[in-house]
Amino acid sequence: MKQKLTMMELKESVDFWVKDINGKVDQVETIHKNFEENQNNIEHNYELIYELKDQIEDLKLEIKKLKLLHLLGMKKKMPINAK
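Here we summarise the structure given alongside this text. (Residues numbered from 1 in each chain as written. Predicted model: local features only at pLDDT ≥ 70, side-chain atom pairs only at ≥ 80, totals over all residues. Heavy atoms only, no water.)

Concerning the overall build of the protein
- Helix and strand counts for the protein come out as 1 helix and 0 strands.
- Projected onto the principal axes, the alpha-carbon positions of the protein cover approximately 115 × 20 × 10 Å.
- For the protein, the proportion of its 83 residues judged to be buried stands at 0%.
- When the accessible area of the protein is evaluated, it comes to approximately 8,800 Å², of which 62% is carbon and sulfur surface.
- When the 15 positive and 15 negative side-chain charges of the protein are each reduced to one mean point, those points stand 15 Å apart. (Helix = DSSP H or I, 4+ residues; strand = E, 2+ residues; numbered from the N terminus. Buried < 20%, exposed > 50% of the residue type's maximum accessible area, 1.4 Å probe, protein only. Areas by Shrake-Rupley, 256 points an atom, 1.4 Å probe, with all protein chains shown as cover. Lys, Arg positive; Asp, Glu negative; His and termini not counted. Charge placed at Lys NZ, Arg CZ, Asp CG, Glu CD.)

Shown next, in the form of structure tokens:
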């Protein structure tokens with residue numbers, strides 16, 4: 001048996017549906033904003049990682065240079081007869 005809805009019941013149902021849909025849309029918008037922010041953070045982190053990688057490589061080269069200078073200094077200090 002079909003139940004007839006009054007105009008007031010129909011209006012309340014439609015209002016509920018609209019509020020429900022608006023709530024879901026707001027959730028999607030929030031998720032989208034969070035996703036966008038996370039994406040930007042990840043990109044920024046990758047940039048920082050690559051900068052740090054370059055700095056590490058520069059430090060490795062400096063350490064090699066310092067080792068060579070230290071070895072040269074030690075060699076100069078060694079007595080000539082010890083060669």
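More follows now that the structure is in view.
Regarding the pattern of salt bridges
- Counted according to the given criterion, the structure contains 3 salt bridges.
- We note a salt bridge from Asp20 to Lys24, for which the minimum N-O separation is 3.4 Å. Taken together, the positions of Asp20 and Lys24, both in helix α1 (residues 7–77) and 4 residues apart, correspond to about one turn of that helix.
- Looking at Asp20, the relative accessible area reads 34%, which means it is partly exposed.
- By relative accessible area, which is 48% here, Lys24 ends up partly exposed.
- With its nearest N and O atoms 3.6 Å apart, the salt bridge here joins Glu57 to Lys60. (Salt bridge = Lys/Arg side-chain N within 4 Å of Asp/Glu carboxyl O.)

Some remarks on a negative patch on the surface
- Among the surface-exposed residues, Glu43, Glu47, Glu51, Asp54, Asp58 and Glu62 lie close enough to one another that they form a single negatively charged patch.
- Assessed through its relative accessible area of 42%, Glu43 is described here as partly exposed. (Patch = residues over 30% accessible without salt bridge, like charges linked within 9 Å, V, L, I, M, F, W, Y side chains within 5 Å.)

Treat this as a map of the structure, not an account of what it does.
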